[in-house]
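Read off the chains here:
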Amino acid sequence: MCHEPVVNLFLGLFYAGYGALLTPAFGVAQAYGGDSTAEYNNAVGFFMILWTVFVFTFLIASLPSNIAYILVFLFVDLGFLTVGASYFAMADGHAASAEALKKSGGVFCFLAGLVGWYIVFHLLLKDSLLEIPLGDTSRIFGKKKTHKISNDSM
């Protein structure tokens with residue numbers, strides 16, 4: 001995938017926004033009456049679902065690249081989805097479910113981090129010792145080539 005800077009930029013923007021939502025100095029939770037209100041939890045849940053949909057576009061775009069990138073975006077997407085669901089569960093008063101969903105979101109994001117480290121390991125070693133595979137999927141998800149008809153053949 002040749003768009004790593006774009007992905008890194010957008011994930012950096014996600015963490016800046018999510019960090020601002022959770023940082024008391026920004027006053028977001030206080031504007032909603034505290035972080036235990038249904039309004040605040042619904043708003044953060046919608047924020048997470050918005051990013052889930054956005055990361056899903058990265059997942060679709062990564063299909064013709066390799067299995068490692070697909071797994072990173074799949075795990076991040078599942079992590080965002082379950083964390084978003086945890087905020088909705090908290091808004092509905094289901095604290096135990098919210099905690100379980102948030103933990104499962106952490107597991108998915110941890111798995112994404114492990115696959116990310118594998119990709120970094122691949123990038124560090126590819127020009128020196130060996131090239132560890134990432135699982136090329138371009139044969140399966142690649143574009144179909146069409147033949148252009150030139151003006152000469154008409």
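Each residue is numbered by its place in its chain's sequence as written, counting from 1. Local features in a predicted model are, by the rule used here, given only for residues with pLDDT of at least 70; side-chain atom pairs are given and counted only at 80 or more, and totals for whole chains, interfaces and linings are based on all residues. The side-chain figures draw on all heavy atoms in the structure; neither hydrogens nor water molecules are used.

1. Structural notes on helix α1 (residues 4-22)
Then, number 1: A helix here means a DSSP run of H or I that spans at least four residues, while a strand means a run of E at least two residues long, and both kinds are numbered starting from the N terminus. How far a helix is expected to stretch is found by multiplying one less than its residue total by 1.5 Å. End to end, α1 covers 27 Å across 19 residues, agreeing with the expected 27 Å (1.5 Å per residue, within 8%).
Then, number 2: Relative accessibility decides the category of a residue: with a 1.4 Å probe and only protein chains considered, values under 20% of the type maximum give buried, values over 50% give exposed, and everything between is partly exposed. Along α1, the residues classified as buried are Val7, Leu11, Phe14, Tyr18 and Leu21. Down the axis, α1 shows its buried residues gathered within 75 degrees of arc, on one side only. Exposed and facing more than 90 degrees away from the buried side of α1 are Pro5 and Asn8. The directions from the helix axis to the C-beta atoms are what the arc is built from.

2. Things to note about the confidence of the model for the chain
Then, number 1: Residues of the chain with pLDDT of at least 70 account for 90%, and the chain-wide mean is 90.
Then, number 2: Across the chain, each position has a pLDDT score giving the predictor's confidence in that residue, from 0 to 100. Mean pLDDT per element in the chain: helix α6 (residues 138-141) is the minimum at 84, and helix α4 (residues 67-91) is the maximum at 97.

3. A look at the layout of surface pockets
Then, number 1: What the largest pocket holds in volume is close to 430 Å³.
Then, number 2: Every definition here rests on a 1 Å grid over the protein atoms only: cavities are sets of points where a 1.4 Å probe fits but cannot get out, pockets are open sets enclosed by protein on both sides within 12 Å along at least five of seven lines, and lining residues have some atom within 4 Å of a point. Contributing to the lining of the largest pocket are 18 residues, with Asn8, Leu11, Val72, Ala112 and Gly116 lying nearest its centre.
Then, number 3: Contributions of two or more residues to the lining of the largest pocket are made by α1, α4 and α5 (95-125).
Then, number 4: With 7 residues, α5 is the single largest residue contributor to the lining of the largest pocket.
Then, number 5: Taken together, the residues of the lining of the largest pocket break down into 14 nonpolar, 3 polar and 1 charged. Grid points are joined across faces, edges and corners, and a volume is the space filled by probe spheres set on the points. Residues are grouped as follows: Ala, Val, Leu, Ile, Met, Phe, Trp, Tyr, Cys and Pro are nonpolar; Asp, Glu, Lys and Arg are charged; every other residue, Gly included, is polar.

4. Re the pattern of salt bridges
Then, number 1: The salt bridge definition used is simple: a Lys or Arg side-chain nitrogen within 4 Å of an Asp or Glu carboxyl oxygen. As enumerated under the stated definition, the model contains 1 salt bridge in all.
Then, number 2: A salt bridge links Lys103 to Glu99, with the shortest nitrogen-to-oxygen separation between them at 3.2 Å. One end of the pair, Lys103, and the other, Glu99, are both in helix α5, 4 residues apart, so they sit about a helical turn from each other.

5. Some remarks on α4
Then, number 1: Here α4 contains 25 residues, and its C-alpha end-to-end distance of 36 Å stays within 8% of the 36 Å for a straight helix at 1.5 Å per residue.
Then, number 2: Downstream of α4 by a residue or two, Gly93 has a phi angle that is positive, lying close to 85 degrees.

6. A short note on the packing of aromatic side chains
Aromatic ring pairs are reported here in terms of the distance separating the ring centres and the angle at which the planes meet.
Then, number 1: Here a Phe, Tyr or Trp ring, Trp counted by its six-membered ring, pairs with any other such ring whose centre lies within 6.5 Å, and the pair is stacked when the planes are under 30 degrees apart, edge-to-face when over 60, and tilted otherwise. Under the defined criterion, the tally for this structure stands at 14 aromatic pairs.
Then, number 2: Both rings, one in Tyr32 and one in Tyr40, keep their centres 6.0 Å apart while their planes meet at 65 degrees; by these two values the pair is edge-to-face.
Then, number 3: Given a relative accessible area of 37%, Tyr32 falls into the partly exposed group.
Then, number 4: Through successive ring pairs, a cluster of aromatic residues spans Phe10, Phe14, Tyr15, Tyr18, Phe47, Trp51, Phe54, Phe58, Phe73 and Phe80.

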